[in-house]
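These are the residues of each chain, in order.
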2 protein chains.
Amino acid sequence: MADIAKRFVNNPILRPADIQPSLPELKIQCLLNPGVFCFEGKIWLLLRVAERPPQKPGKVSFPVLENGQTKILEFDANDPDLNTSDPREYKYKGVGYLSTLSHLRLVCSDDGVTFRDPGLPPLVGANDHESFGIEDCRVATLADGRYVLTYTAVSANGYGPGMRVTRDWRTFEHYGMVISPSNKDCAVFEEQVGGDYICLHRPSGVIVGGHYIWLARSPDLRHWGENVCIARSRPGMWDSARIGAGAAPIKTERGWLVIYHGANEQHRYCLGAMLLDLKNPAHVLARGTEPIMEPIAPYETTGFFGNVVFTNGHLVDGDTVTLYYGASDEVICGARMSIKEILKTLC
Amino acid sequence: MADIAKRFVNNPILRPADIQPSLPELKIQCLLNPGVFCFEGKIWLLLRVAERPPQKPGKVSFPVLENGQTKILEFDANDPDLNTSDPREYKYKGVGYLSTLSHLRLVCSDDGVTFRDPGLPPLVGANDHESFGIEDCRVATLADGRYVLTYTAVSANGYGPGMRVTRDWRTFEHYGMVISPSNKDCAVFEEQVGGDYICLHRPSGVIVGGHYIWLARSPDLRHWGENVCIARSRPGMWDSARIGAGAAPIKTERGWLVIYHGANEQHRYCLGAMLLDLKNPAHVLARGTEPIMEPIAPYETTGFFGNVVFTNGHLVDGDTVTLYYGASDEVICGARMSIKEILKTLC
């Protein structure tokens, strides 16, 4: 077992019951995968809040957005056209839906451990390409004061990276879906490299390819190109089925440190690390053979979708990276790691 | 039956036997889906040439590129790890391959009907993201003399739109994979709209979404964003399973005319039409309920992959559009249509 994470003693730090649902008829099913940033002297999490109505016996229901309003779709649980074998994604007559509708909620903290909901407006799906919700938001903090939010926008059209940019967390510029679907796990670097903005993203492979990490470049954050695959899943290993980047890579003397998630065929999600060349981040210098964090705590092994640790937000302070992560797709936790120790695992 | 195409009387105009293989040990399995353009007073087709070795009894073999060299992979036909149920795509131990390796070949003509191979260098896969070949190249002719080539680049990393730009058909600027995989059928408009370059593309839907037509915008052709879905496949109709754009949309007084392919669940590929707003091409003004061309000629119903008409190249002369198209994924044909007649089918 390879796990160098020092978990917060009071994990989970946030559970569904700690947050108010967005509507009285909805229940928060999962709190997960926060983006993280500092603003006005506080530490903020941008939580993914996944909601659905309380489930009635013999029925299956889930919400979608229609013209900005939440609408509940309800089906008979025994309807032969309904497939609910994956608790996260349903199919009805061959058409895909999500079992929950996600939006993003801001909570803040003075110490990075105890968070409170200041009651700010939630960030919700804002167009036809976000009607099944917005998920797993990375927040890249640029030196010029801009925060770049990249999240998974989901709708009947597909899922792909949406982007919003803010300076004040009150007004947001909407850049739309910046990378073509089917794609998620988009993490923007916090500084330009060779004059370009850089991001990692995770297209879905169909027939050829897989769920691999790709890199793209942009002159303006809105338009992306020069897509190259930089890392694949590894057959027989802990990250054999899929991989995807966490938050913005961390600049170190040895290279850009990427903390990423990997899952195997049993959908067990761990965290791993790789190192990218400082000047050409499409070049992978090193990648660890073992995970740096595995789902081992009870709240990581059991829940809405057990055996998952998944991060897309962290804070760096000297040698310490504090990871905020979703556990079992249900609760939010924290853990600290030494960057030096992570680098030691990279051959 | 809805078919307004006037097929060339001497269809197919090009068959695999008309072209020399790129290597003596390879056989041309299919000629298909040419890009079309005018250059130095001649009409040119940029053919997709799909090759593989002659198949030995009891064996299955196909070529891939490795460091620019063609390498033959060979398997026992009875290998239980091998799946060849689709003649176009194989799986070995769950990993996807293509049954043929495609490159692009230039042929030219004075009359647009009889084409000859002038022996120009072929365009071949040029990097790690093109090692399974390059396919179905659209050629957009810009007013400034540039030809913009968009093709499907395929490799073990996935498939996505590659781009090369040329003025003289001798030297090419390589822009790499301009849109994230899994994606194909990328058609660039031949003029900018509202200051942006525009393209149509066809991401592959996974779980949510489908094989739909999307639109993206670019400041420089290299980087693309503002992705929006403009048209979906239509359950119960001839284009129920997948759709994708043909060549560059045709500017008409009523709007941008898009000729597109659509297939149903039985993989029967027809051509259809839709009309996009001149100023905001993300807005679909009209879409025909019936196809404008169906696979009905013998060379369209029978072949390597029968019941297919597929176009990604045309020439416009007044009211006449001359479509060059692949039939049954094996031979190349031509047909003429009246643009007015196409527009009449659009309600």
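Above this text sits the structure in question.
Below is a short write-up of the structure.

Rules behind the numbers
Residues numbered from 1 in each chain as written. Chains lettered and ligands numbered in written order. Predicted model: local features only at pLDDT ≥ 70, side-chain atom pairs only at ≥ 80, totals over all residues. Heavy atoms only, no water. Helix = DSSP H or I, 4+ residues; strand = E, 2+ residues; numbered from the N terminus. Rg over C-alpha atoms; globule rule 2.2 N^0.38 Å. Contact = heavy atoms within 4.5 Å. Lys, Arg positive; Asp, Glu negative; His and termini not counted. Charge placed at Lys NZ, Arg CZ, Asp CG, Glu CD. Buried area = accessible area lost by both parts, 1.4 Å probe. Salt bridge = Lys/Arg side-chain N within 4 Å of Asp/Glu carboxyl O. Polar contact = N/O pair within 3.5 Å; in protein donor to acceptor, adjacent residues only side chain to side chain. Nonpolar A, V, L, I, M, F, W, Y, C, P; charged D, E, K, R; others polar. Pairing = 2+ DSSP bridges. Phe/Tyr/Trp six-rings, centres within 6.5 Å; stacked < 30°, edge-to-face > 60°. Lys NZ or Arg CZ within 6 Å of the ring centre and 35° of its normal. Least-squares fit on C-alpha atoms with pLDDT ≥ 70 in both. Disulfide = S-S within 2.5 Å. Buried < 20%, exposed > 50% of the residue type's maximum accessible area, 1.4 Å probe, protein only. Core = buried A, V, L, I, M, F, W, Y, C linked by side-chain atoms within 4.5 Å.

1. Remarks on the overall build of chain A
The helix and strand inventory of chain A stands at two helices and 25 strands. Its C-alpha atoms give chain A a radius of gyration of 19 Å, near enough to 20 Å, the size a compact globule of 347 residues would have. For chain A, the proportion of contacts with a sequence separation of at least 24, taken over those separated by at least 6, is 52%. The positive charge centre, built from 35 side chains, and the negative charge centre, built from 40, are 2 Å apart in chain A.

2. Things to note about the interface of chain B and chain A
Taken together, the contact between chain B and chain A spans 44 residues of the former and 44 residues of the latter. The junction of chain B with chain A conceals about 3300 Å² of combined surface from both sides, 56% of it contributed by carbon and sulfur atoms. Of all residues in chain B, B:I207, B:V208 and B:H223 give up the largest surface area on contact with chain A, accounting jointly for 19% of the area buried on that side. Viewed at the interface, chain A and chain B are joined by zero salt bridges. Run the count over chain B and chain A and you get 21 residue pairs in polar contact (both at pLDDT 80 or more). Put simply, the parts of the chain that give the side of chain B that touches chain A at least two residues each are strand 7 (89–92), strand 8 (95–98), strand 11 (147–155), strand 12 (158–166), strand 13 (173–177), strand 15 (197–203), strand 16 (213–218) and strand 17 (223–231) of chain B. Looking at the side of chain B that touches chain A element by element, the count peaks at seven residues for strand 17 of chain B. The class makeup of the residues in the side of chain B that touches chain A is 20 nonpolar, 17 polar and seven charged. Bridge count for strand 17 (residues 223–231) of chain A against strand 17 of chain B is three bridges, and the pairing is antiparallel. Bridge assignment links A:G225 to a residue of strand 17 of chain B, and that residue is B:H223.

3. Observations concerning the sheet that holds strand 6 (residues 82–83) of chain B
Residues and elements named next belong to chain B. The three strands are arranged 6-7-8 in an open sheet whose pairing can be described as antiparallel. With one partner strand each, in any of the chains shown, strand 6 and strand 8 form the two edges of the open sheet. Across four bridges, the pairing between strand 7 and strand 8 is antiparallel. By the bridge assignment, E89 is partnered in strand 8 with L98.

4. Considerations on the packing of aromatic side chains
Residues and elements named next belong to chain B. Following the criterion strictly, the structure yields 34 aromatic pairs over all chains and no others. The interplanar angle of 20° and the centroid separation of 5.7 Å between the aromatic rings of F62 and F75 together place this pair among those described as stacked. With F62 in strand 4 (residues 59–66) and F75 in strand 5 (residues 69–76), this pair connects stretches of sequence that are 13 residues apart. If you follow K184 out to its NZ or CZ, it ends over the ring of Y159, 5.1 Å from the centre.

5. A look at the relation of the copies chain B and chain A
In the superposition of chain B on chain A (RMSD 0.0 Å, axial shift 0.0 Å), the rotation amounts to 180°. These values place the two chain copies in the arrangement generated by a two-fold rotation axis. The overlap is high: 100% of the interface residues of chain B also sit at the interface in chain A, so the same surface is used on both sides.

6. Some details on the side chain of B:D185
Residues and elements named next belong to chain B. Along the chain, the position of D185 falls in strand 14 (residues 183–188). At a separation of 3.1 Å, a polar atom in the side chain of D185 contacts the side chain of R138. A distance of 3.4 Å separates the side chain of D185 from the side chain of H261, its partner in a polar contact. With near-sequence residues (within four places) excluded, D185 lies in contact with R138, T152, L200, H201, R202, G244, A245, H261 and F310.

7. Looking at the state of the cysteines
Residues and elements named next belong to chain B. For the coordinates displayed, the defined rule picks out zero disulfides over all chains. Considering cysteine sulfurs only, C186 is the nearest to C137, which forms no disulfide, with 10 Å between them. The thiol of C229 is not disulfide-bonded; the next cysteine sulfur, from C199, is found 13 Å away.

8. Quick look at the environment of A:F115
Residues and elements named next belong to chain A. You can see F115 is positioned in the loop between strand 9 (101–109) and strand 10 (133–141). By relative accessible area, F115 is classed as buried at 10%. Linking F115 and L45, residues 70 residues apart in sequence, is a C-alpha distance of 8.3 Å. Ignoring sequence-local partners within four residues, the contact set of F115 consists of I13, L14, I43, W44, L45, V107, C108, S109 and Y324.

9. Details of the nonpolar core
Core analysis: the biggest nonpolar cluster contains 30 residues, and A:F62, A:F132, B:F62 and B:F132 have the highest contact counts within it. At the level of secondary structure, the elements contributing two or more residues to this core comprise strand 4 (59–66), strand 5 (69–76), strand 7 (89–92) and strand 8 (95–98) of chain A together with strand 4, strand 5, strand 7 and strand 8 of chain B. Residue contacts for B:F132: discarding those within four places in its chain leaves A:V208, B:V64, B:G96, B:Y97, B:L98, B:T100, B:L101, B:S102, B:V154, B:S155 and B:A156.

10. Things to note about the pattern of salt bridges
For the coordinates displayed, the defined rule picks out 38 salt bridges over all chains. Among the salt bridges present, the one from A:R88 reaches A:D86, with a minimum N-O distance of 3.0 Å. Neither residue differs from the other here; A:R88 and A:D86 are each classed as buried. Across the pair B:E300 and B:R7 runs a salt bridge, and its minimum N-O distance is 2.8 Å. Of this pair, B:E300 sits in helix 1 (residues 298–301) while B:R7 sits in strand 1 (residues 6–7), and the two are 293 residues apart along the sequence. Linked through salt bridges whose partners overlap, the residues forming this network are A:D3, A:R7 and A:E300.

11. Considering the sheet that holds strand 7 of chain A
One open sheet holds the three strands; their spatial order is 6-7-8 (chain A), and the pairing between them is antiparallel. Taken across any chain shown, the strands that pair with only one partner, and hence form the sheet edges, are strand 6 (82–83) and strand 8 of chain A.

12. Remarks on the side chain of B:R52
Residues and elements named next belong to chain B. If you trace the backbone, R52 turns up in strand 3 (residues 42–52). One buried charged residue, R52, forms no salt bridge at all, with the nearest opposite charge on E330 at 9.2 Å. Only 3.0 Å separates the side chain of R52 from the side chain of Q29, close enough to count as a polar contact. Dropping the residues within four chain positions of it, R52 is found in contact with L26, K27, Q29, S61, P63, Y90, S99, T100 and F304.

13. As for unusual backbone geometry
Residues and elements named next belong to chain A. The residue after P181, namely S182, is reached through a cis peptide bond having omega -10°. Structurally, the position occupied by S182 is in the loop between strand 13 (173–177) and strand 14 (183–188). Not every positive phi belongs to a glycine, and E40 is a case in point at roughly 50°. Among the secondary structure elements, E40 is positioned in the loop between strand 2 (27–39) and strand 3 (42–52). Residue class for E40 comes out exposed when judged on its relative accessible area of 58%. Here N67, not a glycine, exhibits a phi torsion of approximately 50°, which is positive. Its location among the elements puts N67 in the loop between strand 4 and strand 5.

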